[in-house]
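Structural description and commentary
Spelled out, the chains give:
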Amino acid sequence: MAEKEISQAVISRLPRYLRFLGELKDQGIERVSSQELSDIMKVTASQIRQDFNNFGGFGQQGYGYNVEFLYNEIGKILGIDKQHKLIVVGAGHLGQALVNYTNFTRRGFVFIGAFDKNEALCGTKIRDIEVRPMNELKDFVKKNDIDIAVLTIPKDQAVKVAGELIECGIKAFWNFAHVDLDVPKGVQVENVHLSDSLMKLSYSMTQFDE
């Protein structure tokens, strides 16, 4: 399985599978068929089976899928069967909102540090996390074995900060800055451009109106 190239389209659907399976699990539902999952997710049953076959299938003929088992297996594939330590660089409104979103912690993504160049924010707390000045960033990362850096800073700062964090050993970025980071091989980046998503929604509205 590790040697098989999995398409980005399949990978992008895995979090949705996890979310819907989590809801079924919370409802006490023990098993689900591909057709039932199809009705919930609005993805064809054939597509669901193809997606899961990339990872070994998981189902049993005539039984369907064990909800808890499938939920746990997809969690392992996504790497959320273990805890990830995060920092946020940029403790403004967006950074604060991300740290305050408790569902991340439930999924194993735990913020343990927050940083900002604004002296007025330094010393304040987001939940129980103290906002620290930028001159403490490198030492904090080196001492705390950070897995993911979340960037919610202007694009002209993001490139410089990302470079410094890579030198400190950061291997993954969740980047909300309006710039696509150019990073060395082995460093993972998920770029999140909120305006792109909004423009896609606008396009869909326009097409529907026409």
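Shown above is the structure to which this text applies.
Overview of the structure. Every chain is numbered on its own, with residues counted from 1 as its sequence reads. Totals for whole chains, interfaces and linings use every residue, but because this is a predicted model, local features are given only for residues with pLDDT of at least 70 and side-chain atom pairs only at 80 or more, for both listing and counting. Working from all heavy atoms in the structure, the side-chain values ignore hydrogens and water.

Looking now at the packing of aromatic side chains. Put simply, two rings from Phe, Tyr or Trp (the six-membered ring, in Trp's case) pair if the centres are within 6.5 Å, and we call them stacked under 30 degrees between planes, edge-to-face over 60, tilted for the rest. Applying the stated criterion to the full structure yields eight aromatic pairs. Taken together, a centroid distance of 4.8 Å and an interplanar angle of 65° make the contact between Trp-174 and Phe-176 edge-to-face. Burial classification: accessible surface area is computed with a 1.4 Å probe over protein chains only, and a residue below 20% of its type maximum counts as buried, one above 50% as exposed, and the rest as partly exposed. Residue classification places Phe-176 among the buried positions, given a relative accessible area of 15%. Three or more aromatic residues joined by ring pairs make a cluster, and in this case those are Tyr-17, Phe-52, Phe-58, Tyr-65 and Phe-69. Definition used: whenever NZ (Lys) or CZ (Arg) falls within 6 Å of the ring centre and also within 35 degrees of the ring normal, the charge is taken to sit over that ring. Lying across the ring of Phe-20, Arg-19 places its NZ or CZ 5.0 Å from the centre. The ring centre of Tyr-71 lies 4.7 Å from the NZ or CZ of Lys-25, which sits over that ring.

Right, let's talk about helix H3 (residues 45-53) for a bit. For H3, the complete set of buried residues consists of Ala-45, Ile-48, Asp-51 and Phe-52. The arc that holds every buried residue of H3, seen down its axis, measures 125°, which confines them to one face. Only heavy atoms matter for contacts: two residues are in contact if any of them lie within 4.5 Å across the pair. Segments assigned H or I by DSSP are reported as helices when at least four residues long, segments assigned E as strands when at least two residues long, and all are numbered from the N terminus. In this structure, the buried side of H3 is in contact with helix H1 (8-26), helix H2 (34-41), strand S2 (65-66) and helix H4 (67-78). This arc is taken over the directions from the axis of the helix to the C-beta atoms.

In this section: the packing of H1 against H2. For every element, the axis is a line fit to its C-alpha atoms; helices are fit only across the contacting stretch, and the angle between N-to-C directions ranges from 0 to 180 degrees. In contact at an axis separation of 11 Å, H1 and H2 are set at 105° when each is read in the N-to-C sense. Comparing their axes, H2 and H1 come out roughly perpendicular. Of the residues in H2, those touching H1 at Arg-16, Tyr-17, Phe-20, Leu-21 and Leu-24 are Leu-37, Ile-40 and Met-41. Residue composition of the contact of H1 with H2, by class: seven nonpolar, no polar and one charged. Roughly parallel means an angle under 35 degrees; roughly antiparallel, over 145; roughly perpendicular, 65 to 115; everything else is oblique. In this classification, Asp, Glu, Lys and Arg are treated as charged, Ala, Val, Leu, Ile, Met, Phe, Trp, Tyr, Cys and Pro as nonpolar, and every other residue, Gly included, as polar.

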